[in-house]
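So the chains spell out like this:
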Amino acid sequence: VPRPAGQVAWFHAASVGEASSALPLVAALHGVRPDIGLVLTTGTVTSARFVASRLPAGAVHQYVPLDSPGLVGRFLDHWRPILSILTEQEVWPNLVLETDRRGVPIVLVNARMSARSFERWHRRPRIAAALLGRISVVLAQNDAMAQRFVALGAPNVVVAGNLKIDAPPPPVSEA
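Summary of the structure given here. This one's a predicted model, so the numbers in the text were calculated from it and none came from an experiment. (Residues numbered from 1 in each chain as written. Predicted model: local features only at pLDDT ≥ 70, side-chain atom pairs only at ≥ 80, totals over all residues. Heavy atoms only, no water.)

1. Quick notes on the pattern of salt bridges
Working step 1: Counted under the stated rule, the structure contains 6 salt bridges.
Working step 2: With a closest N to O distance of 2.9 Å, R102 and E98 form a salt bridge.
Working step 3: We note a salt bridge from R134 to D100, for which the minimum N-O separation is 3.2 Å. Highlighted residues: R134 in the loop between α6 (125-132) and β6 (137-140) and D100 in helix α4 (residues 93-101), separated in sequence by 34 residues.
Working step 4: For D100, a relative accessible area of 29% translates into the label partly exposed.
Working step 5: Salt bridges sharing partners connect three or more residues here, namely D77, E98, R101 and R102. (Salt bridge = Lys/Arg side-chain N within 4 Å of Asp/Glu carboxyl O. Helix = DSSP H or I, 4+ residues; strand = E, 2+ residues; numbered from the N terminus. Buried < 20%, exposed > 50% of the residue type's maximum accessible area, 1.4 Å probe, protein only.)

And the structure:
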């Protein structure tokens, strides 16, 4: 898809659940900064269909690139985002490293980390710190998750609540 002129903000949501919580943020940014182009990436056909009719005018959907340096690099070279907003657990190594290497701030919204995920990350503390340390701000769902992100090396963690709970319900047909 052609890149819009001017600045672009990039949102990434893995699938339908994450996309439903990201869409209000996409719409809010579009409302306050309609001059910024918006791209939302997801990784599934179902999520692509879900967001197709729900994105604000001018915003586009793309599939997220596979997590390899070359593919992520090509994606970032094309879109040249000024901001990267990832959802929940979407901390892919090459995605984070390549985005950070280009000086693009990374925000992790609706961030969650279960006790089980924490244990897996905790077994590789240098990798966890190397990735989470590149995220500008982690907006965690609750205190326990915030503490896990801090323990793994995220430098700026704020408890912000759960966007899925706050997201408006999807449109339904009365019929």
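2. Brief notes about the layout of surface pockets
Working step 1: Taken as a whole, the largest pocket spans an internal volume of roughly 160 Å³.
Working step 2: At 3 residues, the largest contribution of residues to the lining of the largest pocket is made by helix α5 (residues 115-122).
Working step 3: Counted by class, the lining of the largest pocket contains 5 nonpolar, 2 polar and 3 charged residues. (1 Å grid on protein atoms, 1.4 Å probe; cavity = no way out; pocket = protein on both sides within 12 Å on 5 of 7 lines; lining within 4 Å. Points joined across faces, edges and corners; volume = space filled by probe spheres on them. Nonpolar A, V, L, I, M, F, W, Y, C, P; charged D, E, K, R; others polar.)

3. Looking at the sheet that holds strand β1 (residues 8-12)
Working step 1: Here 7 strands make up an open sheet; going across it, the order is β3-β2-β1-β4-β5-β6-β7 and the pairing parallel. Looking at strand neighbours, the two that pair on one side only are β3 (60-63) and β7 (157-159), the edges of this open sheet. Recorded for the sheet is a direction-independent mean angle of 20° between the axes of neighbouring strands.
Working step 2: The pairing of β6 with β7 spans 3 bridges and is parallel. Counterpart to A140 in the pairing with β7 is V159. (Pairing = 2+ DSSP bridges. Axes fitted to C-alpha atoms, helices over the stretch in contact; angles between N-to-C directions.)

4. So, the pairing of strand β2 (residues 37-42)
Working step 1: For β2, the buried fraction is high: 6 of the 6 residues fall into the buried class.
Working step 2: Burial of β2 is two-sided: the residues G37, V39 and T41 facing one way and the residues L38, L40 and T42 facing the other way are all buried.
Working step 3: Where β1 lies against β2, 5 bridges are found, and the strand directions are parallel. The partner of H12 across the bridge, within β2, is T41.
Working step 4: As a crossover connection, the stretch from β1 through helix α1 (residues 16-32) into β2 is right-handed.
Working step 5: The pairing of β2 with β3 spans 4 bridges and is parallel. Bridged to V39 within β3 is V60.
Working step 6: Taken together, β2, helix α2 (residues 45-52) and β3 form a β-α-β motif whose crossover is right-handed. (Right-handed = clockwise from strand over helix to strand, strands pointing away.)

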